[in-house]
Structure formats: C-alpha cells, structure tokens
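The residues making up each chain are set out below.
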Amino acid sequence: MERHLERIEWSPNPRHLPDLTQWPYTIPAVAQLIQDGGLDIAPGVTFLVGENGSGKSTLIEAFASPNVYSRSGHAAASGANVTGPRGSDEDSPLASHLRAKRHKLASPAGFFLRAESMHEFFSEEDRGASSKAWGREKLQQRSHGESFL
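The rules behind each value
Residues numbered from 1 in each chain as written. Predicted model: local features only at pLDDT ≥ 70, side-chain atom pairs only at ≥ 80, totals over all residues. Heavy atoms only, no water. Pairing = 2+ DSSP bridges. Helix = DSSP H or I, 4+ residues; strand = E, 2+ residues; numbered from the N terminus. Axes fitted to C-alpha atoms, helices over the stretch in contact; angles between N-to-C directions. Contact = heavy atoms within 4.5 Å. Core = buried A, V, L, I, M, F, W, Y, C linked by side-chain atoms within 4.5 Å. Buried < 20%, exposed > 50% of the residue type's maximum accessible area, 1.4 Å probe, protein only. Parallel < 35°, antiparallel > 145°, perpendicular 65-115°, else oblique. Polar contact = N/O pair within 3.5 Å; in protein donor to acceptor, adjacent residues only side chain to side chain. Salt bridge = Lys/Arg side-chain N within 4 Å of Asp/Glu carboxyl O.

Strand order in the open sheet formed by three strands is β2-β1-β5, and the pairing between neighbours is antiparallel. Both edges of this open sheet fall to β2 (38-40) and β5 (98-102), since each of them pairs with a single strand only. Geometrically, the sheet is characterised by an average inter-axis angle of 20 degrees between neighbouring strands, direction not taken into account. By the bridge criterion, three bridges tie strand β1 (residues 5-10) to β2 in an arrangement that is antiparallel. Within β2, the residue paired with Arg7 across the bridge is Asp40. The strands touched by helix α1 (residues 28-36) are β1, β2 and β5; relative to β1, the strand with the most contacts, the crossing angle is about 90 degrees.

Another point: the nonpolar core. Across soluble globular proteins, nonpolar side chains have a tendency to be buried as a group. With 15 residues, the main nonpolar core has Trp10, Val30, Leu33, Leu94 and Leu98 as its most contacted residues. Of all the secondary structure elements, the ones that give two or more residues to this core are β1, α1 and α2 (56-63). Beyond its immediate sequence surroundings of up to four residues, Leu33 is in contact with Ile8, Trp10, Gly38, Leu39, Leu59, Phe63 and Leu98.

To continue, consider unusual backbone geometry. In this structure, Pro24 follows Trp23 across a cis peptide bond, with omega equal to 5 degrees. Within the secondary structure layout, Pro24 lies in the loop between β1 and α1.

On to the packing of α1 against α2, then. Running from amino to carboxyl end, α1 crosses α2 at an angle of 60 degrees, the nearest separation of the two axes being 7 Å. Relative to α2, the element α1 lies oblique. Only Thr58, Leu59 and Phe63 of α2 make contact with α1, whose side of the interface consists of Ala29, Val30 and Leu33.

A word on the side chain of Asn13. With respect to the helices, strands and loops of the structure, Asn13 is situated in the loop between β1 and α1. Engagement of the side chain of Asn13 in a polar contact is seen with the backbone nitrogen of Arg15, the distance being 2.9 Å. Setting aside its immediate chain neighbours within four residues, Asn13 contacts Ser96 and His97.

Let us look at the pattern of salt bridges. Across all of its chains, the model carries three salt bridges by this definition. Two residues, Glu6 and Lys101, come together in a salt bridge whose shortest N-O distance is 3.6 Å. Here Glu6 is found in strand β1, whereas its partner Lys101 is found in strand β5, with 95 residues between them in sequence. Owing to a relative accessible area of 43%, Lys101 belongs among the partly exposed residues under this scheme. One salt bridge connects Asp40 with Arg7, and the closest N-O pair in it is separated by 2.9 Å. Here the residue Asp40 occupies a position in strand β2, and Arg7 occupies one in strand β1, the gap between them amounting to 33 residues. For Asp40, a relative accessible area of 55% corresponds to the exposed category.

Structural data, given as structure tokens:
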C-alpha cells in the first residue's frame, strides 16, 4: 500500500511572498522547514516532537490546509465522494507557501481532518445525505477512533 503523503515542499507563492521575519515563519519548526526546503514524510508513523511553542501544531495545521492536503476524497466502501471541513480564518498563512507531494499510486480515499473540526464535520455528515457512505451509522455515536476509521 502506498502512503498518501511523501513530502511537504516549501514553495513560496510568488504573488504573495512571505515576510520571513514575521510569524509564523520565525517559529523554530517552520524556520527549519524553510531552511531544508521542505519535510520528508517517512513511511509508517511520523512523530513531531518538541517544546511548547516550537511549531508542531503550526506545521500540522498548515499541512491540513486545503492548499496543501486535500480535504476531499471518497469512502472506499461505497465510492461516494466525501468533502472534509472547509478552511478557516484560523488557518496559518504558511499553508499558501507549501505543497504536498503524494505518491502517484496513492489511494484517493480519505482526507486530513483537524481535531478541532472533527465534531462539526461529523455532525454535518450525520445530518446530511452523505451519511449513506457510512452505512447510515452516526459518526457522533462512535468513539473518535472508530469515527476516523
């Protein structure tokens, strides 16, 4: 099975060049990603470890942006198209300067879902017509892990 995400590339948007002296580009983890030109995502599980304020959440939230990682996919069992949560005013400007490199044979099933958005998204899914994709089971009546799966 191919992984979805192989690398996050630093790719500054030429229409809106970032001011690298401002937040979030001065946060240590973000500055390191810029210096390295991106971040390779190894097969298996990836852990981001660091002190509070080092930029772990800022990176993850930027990776979760629709600019970087798709918020749409399909439910493999039913083939139904599923759209994840929309962008937010809370999304970092970092996301517009990153690009995801996915394996060309990676499955299109699934999408990145921010934990903060999970409750609202699952509630919308439970109310909507796409609940058919989940066998009409209510996602909010499952554990978080079961809902993600």
